[in-house]
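Read off the chains here:
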Amino acid sequence: MIYFDNSATTQAAPAVLETYTTVSQKIWGNPSSLHNFGETAFHLLEQSRQQIADLLGVQAHEIFFTSGGTEGDNWVLKGTAIEKRSFGKHLITTAVEHPAIHNSMEQLKELGYEVTYLPVDQEGRINVADLKAAIRPDTILVSTMAVNNEIGTIQPLLEVAELLKQYPKIHFHIDAVQGIGKGIQSMIMNDRVDFVTFSGHKFHATRGVGFIYARNGRKLAPLMNGGGQESNWRSGTENLPAIAGMAKALRLLLTDEDDKVARERAIKQRIYEHIKSFPKVTIFSQPTTGFAPHILCFTINGVRGETIVHAFEDQGIYISTTSACSSKKHLASSTLMAMHVQENIATSAVRVSLDENNTLAEADQFIKVFDQLYQKFSKINADA
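This one's a predicted model, so the numbers in the text were calculated from it and none came from an experiment.

Conventions adopted
Residues numbered from 1 in each chain as written. Predicted model: local features only at pLDDT ≥ 70, side-chain atom pairs only at ≥ 80, totals over all residues. Heavy atoms only, no water. Axes fitted to C-alpha atoms, helices over the stretch in contact; angles between N-to-C directions. Helix = DSSP H or I, 4+ residues; strand = E, 2+ residues; numbered from the N terminus. Parallel < 35°, antiparallel > 145°, perpendicular 65-115°, else oblique. Left-handed = near helix turned anticlockwise from the far one by under 90°. Contact = heavy atoms within 4.5 Å. Nonpolar A, V, L, I, M, F, W, Y, C, P; charged D, E, K, R; others polar. Buried < 20%, exposed > 50% of the residue type's maximum accessible area, 1.4 Å probe, protein only. Pairing = 2+ DSSP bridges. Right-handed = clockwise from strand over helix to strand, strands pointing away. Polar contact = N/O pair within 3.5 Å; in protein donor to acceptor, adjacent residues only side chain to side chain. Salt bridge = Lys/Arg side-chain N within 4 Å of Asp/Glu carboxyl O. Arc of directions from axis to C-beta. Phe/Tyr/Trp six-rings, centres within 6.5 Å; stacked < 30°, edge-to-face > 60°.

Once that is clear, we can look at the packing of helix H3 (residues 69-83) against helix H4 (residues 99-110). Two elements in contact, H3 and H4, have axes separated by 9 Å at closest approach and are oriented at 30°. What the angle tells us is that H3 and H4 run roughly parallel. Between H3 and H4 lies a crossing whose hand is right-handed. When H3 is examined against H4, the residues Thr-70, Asp-73, Asn-74, Leu-77, Lys-78 and Ala-81 are found in contact with a partner set consisting of Ala-100, Ile-101, Ser-104, Met-105, Gln-107 and Leu-108. Its residues assigned to classes, the contact of H3 with H4 shows 6 nonpolar, 4 polar and 2 charged.

Time to look at the pairing of strand E6 (residues 171-175). Burial of E6 is extensive: 5 of the 5 residues sit out of reach of the surface. Neither face of E6 is left uncovered, since the one carrying His-171, His-173 and Asp-175 and the one carrying Phe-172 and Ile-174 both have all their residues buried. In terms of strand pairing, strand E5 (residues 139-145) meets E6 through 5 bridges, oriented parallel. Opposite Leu-141, over in E6, you have His-171 as the bridge partner. Chirality of the crossover, the property in question, places the unit of E5, helix H6 (residues 157-164) and E6 among those that are right-handed. Examined bridge by bridge, E6 and strand E7 (residues 195-199) share 3 bridges and lie parallel to one another. Pairing of Asp-175 across the sheet is with Thr-197, part of E7.

The description of two packed helices rests on the angle between their axes and on the distance between the axes. Axis separation between helix H2 (residues 36-56) and helix H8 (residues 240-254) bottoms out at 9 Å; the angle between their running directions is 25°. Overall, the two elements H2 and H8 adopt an arrangement that is roughly parallel. Remark: the crossing between H2 and H8 carries left-handed chirality. Across from Ala-41, Leu-44, Leu-45, Ser-48, Gln-51, Ile-52 and Leu-55 in H2, the residues of H8 making contact are Leu-240, Ile-243, Ala-244, Met-246, Ala-247, Lys-248, Leu-250, Arg-251 and Leu-254. Classifying every residue of the contact of H2 with H8 by side-chain character gives 12 nonpolar, 2 polar and 2 charged.

Here 7 strands make up an open sheet; going across it, the order is E2-E8-E7-E6-E5-E3-E4 and the pairing mixed. Looking at strand neighbours, the two that pair on one side only are strand E2 (63-66) and strand E4 (114-118), the edges of this open sheet. Strand after strand, the sheet turns through a mean of 20° between neighbouring axes, direction not considered. Where H4 meets the sheet, its contacts fall on strand E3 (90-94), E4, E5 and E6, and the angle it forms with E4 comes to roughly 150°. Set on the sheet, H6 makes contact with E5 and E6; between it and E6 the angle comes to about 170°.

The next thing to look at is the sheet that holds strand E13 (residues 349-353). Strand order in this open sheet of 4 strands is E9-E10-E13-E12, and the pairing throughout is antiparallel. Looking at strand neighbours, the two that pair on one side only are strand E9 (281-283) and strand E12 (320-321), the edges of this open sheet. Across the sheet, helix H9 (residues 257-275) lies against E9, strand E10 (295-300) and E13, angled at about 20° from E10, the strand it touches most.

Here the focus is the side chain of Arg-234. Summarising the element assignment, Arg-234 is placed in the loop between strand E8 (210-214) and H8. For Arg-234, the side chain forms a polar contact with the side chain of Glu-71, separated by 2.8 Å. Setting aside residues up to four positions removed in sequence, Arg-234 forms contacts with Phe-65, Thr-66, Ser-67, Glu-71, Trp-75, Met-224 and Gln-229.

A separate point is the pattern of salt bridges. Counting across every chain of the model gives 17 salt bridges. We note a salt bridge from Glu-106 to Lys-109, for which the minimum N-O separation is 3.4 Å. Residue Glu-106 and its partner Lys-109 are located together in helix H4, separated by 3 residues, close to a single helical turn. Assessed through its relative accessible area of 28%, Glu-106 is described here as partly exposed. Between Asp-194 and Arg-215 there is a salt bridge, and its shortest N-O distance comes to 3.7 Å. Taken as a pair, Asp-194 in the loop between helix H7 (185-188) and E7 and Arg-215 in the loop between E8 and H8 lie far apart in primary sequence, 21 residues in all. We classify Arg-215 as partly exposed; its relative accessible area is 24%. What emerges from the salt-bridge pattern is a single network uniting Arg-192, Asp-194, Arg-215 and Arg-218.

Okay, helix H10 (residues 305-313) next. When H10 is considered as a whole, its buried residues turn out to be Gly-305, Ile-308, Val-309, Ala-311 and Phe-312. What you see down the axis of H10 is that its buried residues fit within an arc of 165°, all on one side.

The phi angle at Glu-230 is positive, at roughly 55°, despite the residue not being glycine. When you line up the elements, Glu-230 lands in the loop between E8 and H8. Owing to a relative accessible area of 5%, Glu-230 belongs among the buried residues under this scheme. Not every positive phi belongs to a glycine, and Ser-231 is a case in point at roughly 60°.

To continue, consider the packing of aromatic side chains. Applying the stated criterion across every chain yields a total of 12 aromatic pairs. Plain terms: the ring middles of Phe-4 and Phe-366 are 5.9 Å apart, the flat faces sit at 50° to each other, and that makes the pair tilted. Taken together, the residues span a long stretch of sequence, with Phe-4 in the loop between strand E1 (2-3) and helix H1 (14-26) and Phe-366 in helix H13 (residues 360-383) at a distance of 362 residues. Each member of the pair, Phe-4 together with Phe-366, is buried. Seen in terms of ring centroids, Phe-198 and Phe-211 are 4.5 Å apart; in terms of plane orientation they differ by 15°. Their pairing is stacked. Of this pair, Phe-198 sits in strand E7 while Phe-211 sits in strand E8; the two residues are 13 residues apart in sequence, bridging distant segments of the chain. Accessibility assignment for this pair places Phe-198 and Phe-211 in one class, buried.

Structure representation (structure tokens):
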């Protein structure tokens, strides 16, 4: 099996599963309990928080644990809307966000908030001038993804940060679910960002765990009320085995990060260089520093994306249509549609997404299968 669908989810690392199992078996106390067993759990929780903070270069009290990226995105958007509603009800995001952002914004619109969706260029990237023009006196939040989950575009995070220094009261949120471990941490954890969302299962932790970074001094209304865990910001008994595993996963991810990014970029480059010469292929992810190293989105024009996915699956290679969250709904790529790509081409889009465990040998096997399928699809289209 060749697994090229790492933007959908990654395989939990063996060392992470070992940590998860050990904590589950030996430190199952509630971190909120007063007895020694609870204290042991609490200390492990705080050690995990400190390790994550150290890896990101922030303070431990700025890390808050969640159930994953969707909760984190919902929390920052809705928590800001609640906390700052007396200051304004205008929010800004991009036209190419993950559904966790887009659908949260749409819900806020139903509650009386106003949302501006910034347009993108032919590479799926916003123009900071459009952002500046969209800011109003009642703007309370700007939210953008770091890396587009469908085609891998890196947004101009530092330029956005520089602009927002002129507007210190606006919350600045980055969805970094696809961006962690991809060589752009300094762009994500910049000196202006207020909130950042992370999801464990995107970097070899288990599912159902994530965290947000919240800059010291910024306020965010809680969405989960209850026993007052996470400094009263996010109640609910902490998922300690998953949190400890996630801290280890992040440490492993960021160890030798440059080498891992280079390997991913080399695999992407090899596939890109091969398929770009085929006349019916359209590629949306360029092998440049303006795109993440691990995502390659392309189409075989005239063939639906799900058909391509299943054809590769029959050969033991797992890729996806452009977004795992919408693939079973047979929807055209929302990013490509925002880029004004023709719908018949957008519905053909598929995504190869890599991680540090993939190899050039797998890329060569992918190329071999691609050639066979391209010839097959060309013959079918010719006979139609």
